[in-house]
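Each chain, written out:
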Amino acid sequence: MTARLTLPLVFLLPSLALAAEAIDPGRIVPAATGDWDKNGAGDLALLVKPDDGTDENNAVYIYLAGEDGPLALKSAVPNKVWGQYGMAGQAPSVTALPNGSLVITTHNDSVGRDRWEQKLTIAYRNFDFVVGGYTYSSYDTLNLDNTSHCNLNVLTGKGKSNDKPVSAKGELVLLDDWNDDRGQHACGI
């Protein structure tokens, strides 16, 4: 079961309470549902805007449902996903894939001459969420010959950058520990 939710999810707020804080439903932006742990129960992933007046990035919250129980918070990663809501061409998104993975997309399609898109494929492995794939593409609006594209399997370290093979150390990198510089370095960006 995969679906993309765009509702504020106000009706789920009681089940989204953290031990120390509840998520303000006005901060919940995109969400996706799927079965991340493949137990047959619907799970939930949220991107949550930071509090107003901070310079932090968006947070990622991932909830798992037990076979017969309510959703429980499995992963809360603050200050992880770049992007701005209300700014055209810069809103990040989260999407469920049919294979049970998630894709978090960030992009700049509106400001300056350098346009880019980045996708992190998130998978549930060894009872935690890891970055399984990194994809990055960019182009210059004034020099259309200045483009780049990289697709890297983080788990194996193999990929392609501008149609040439690239190789990095294959790693099991937790979403909590991921830094975009890791993927950009492997891609030669």
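See the structure printed just above.
Residues numbered from 1 in each chain as written. Predicted model: local features only at pLDDT ≥ 70, side-chain atom pairs only at ≥ 80, totals over all residues. Heavy atoms only, no water.

## Describing the overall build of the chain
Counted only if it meets this: Strands here mean DSSP runs of E at least two residues long; helices mean DSSP runs of H or I at least four residues long; both are numbered from the N terminus. Here the term buried applies to any residue with accessible area under 20% of the maximum for its type, exposed to any over 50%, and partly exposed to those in between, with areas from a 1.4 Å probe on protein chains only. In what follows, residue pairs with any heavy atoms lying within 4.5 Å of each other are defined as contacts. Residue-level accessible areas treat just the shown protein chains as cover; the underlying method is Shrake-Rupley with a 1.4 Å probe.
Across its full length, the chain carries one helix and 13 strands. When the helices and strands of the chain are read in sequence order from the N terminus, they spell out β-β-β-β-β-β-β-β-β-β-β-β-β-α. Expressed as a percentage of its 189 residues, the buried residues of the chain come to 42%. Of the contacts formed within the chain by residues at least 6 apart in sequence, a portion of 38% connects residues at least 24 apart. Summed over its atoms, the accessible surface of the chain is roughly 10100 Å², and 50% of this surface lies on carbon and sulfur atoms.

## What about the state of the cysteines?
We apply this condition: Any cysteine sulfur atom paired with another within 2.5 Å is treated as part of a disulfide.
All chains considered together, the criterion is met by one disulfide. Between C150 and C187 runs a disulfide, and the two sulfur atoms are separated by 1.9 Å. Its torsion about the S-S bond being -70°, the disulfide of C150 and C187 is classed as left-handed. With a gap of 37 residues between them, C150 in strand β10 (residues 147-153) and C187 in helix α1 (residues 180-187) connect regions that are remote in the sequence. Judged by its relative accessible area of 6%, C187 falls in the buried class.

## Section: the pattern of salt bridges
Side-chain pairing between opposite charges can occur once the charged atoms of the two side chains come close. Going by this rule: The salt bridge definition used is simple: a Lys or Arg side-chain nitrogen within 4 Å of an Asp or Glu carboxyl oxygen.
The tally for this structure, following the rule as stated, stands at three salt bridges. With its nearest N and O atoms 2.7 Å apart, the salt bridge here joins R113 to D140. With a gap of 27 residues between them, R113 in the loop between β7 (102-108) and β8 (114-125) and D140 in strand β9 (residues 128-140) connect regions that are remote in the sequence. A relative accessible area of 4% means that D140 is categorised as buried.

## Looking at the side chain of D140
Selection criterion: Throughout this description, a polar contact denotes any pair of N or O atoms lying within 3.5 Å of each other; where both atoms belong to protein, one of them has to be capable of donating a hydrogen while the other can accept it, and for residues adjacent in sequence the pair is counted only when both atoms sit in side chains.
A polar contact of 2.7 Å, which involves the side chain of D140, links it to the side chain of R113. Those residues within four positions of D140 in sequence are excluded, and the remaining contacts are R113, D114 and N146.

## A few points about the packing of aromatic side chains
What counts, and what does not: When two rings of Phe, Tyr or Trp (its six-membered ring) have centres within 6.5 Å they constitute a pair, described as stacked for plane angles under 30 degrees, edge-to-face for angles over 60, and tilted for the intermediate range.
A complete count under the given rule lists four aromatic pairs for this structure. Judged by centre distance (4.8 Å) and plane angle (50°), the rings of Y124 and F129 are tilted. Taken individually, Y124 and F129 each receive the classification buried, so the pair is uniform in this respect. A connected cluster of aromatic rings, assembled from ring pairs, spans W82, W116 and Y136.

## Looking at unusual backbone geometry
One non-glycine residue, F127, lies in positive phi territory at about 65°. Position of F127 among the secondary structure elements: in the loop between β8 and β9. Even without being a glycine, N162 presents a positive backbone phi close to 50°. Looking at where N162 falls in the secondary structure, it is placed in the loop between β11 (158-161) and β12 (164-167). Judged by its relative accessible area of 41%, N162 falls in the partly exposed class.

Everything listed is a geometric property; what it means functionally is a separate question.
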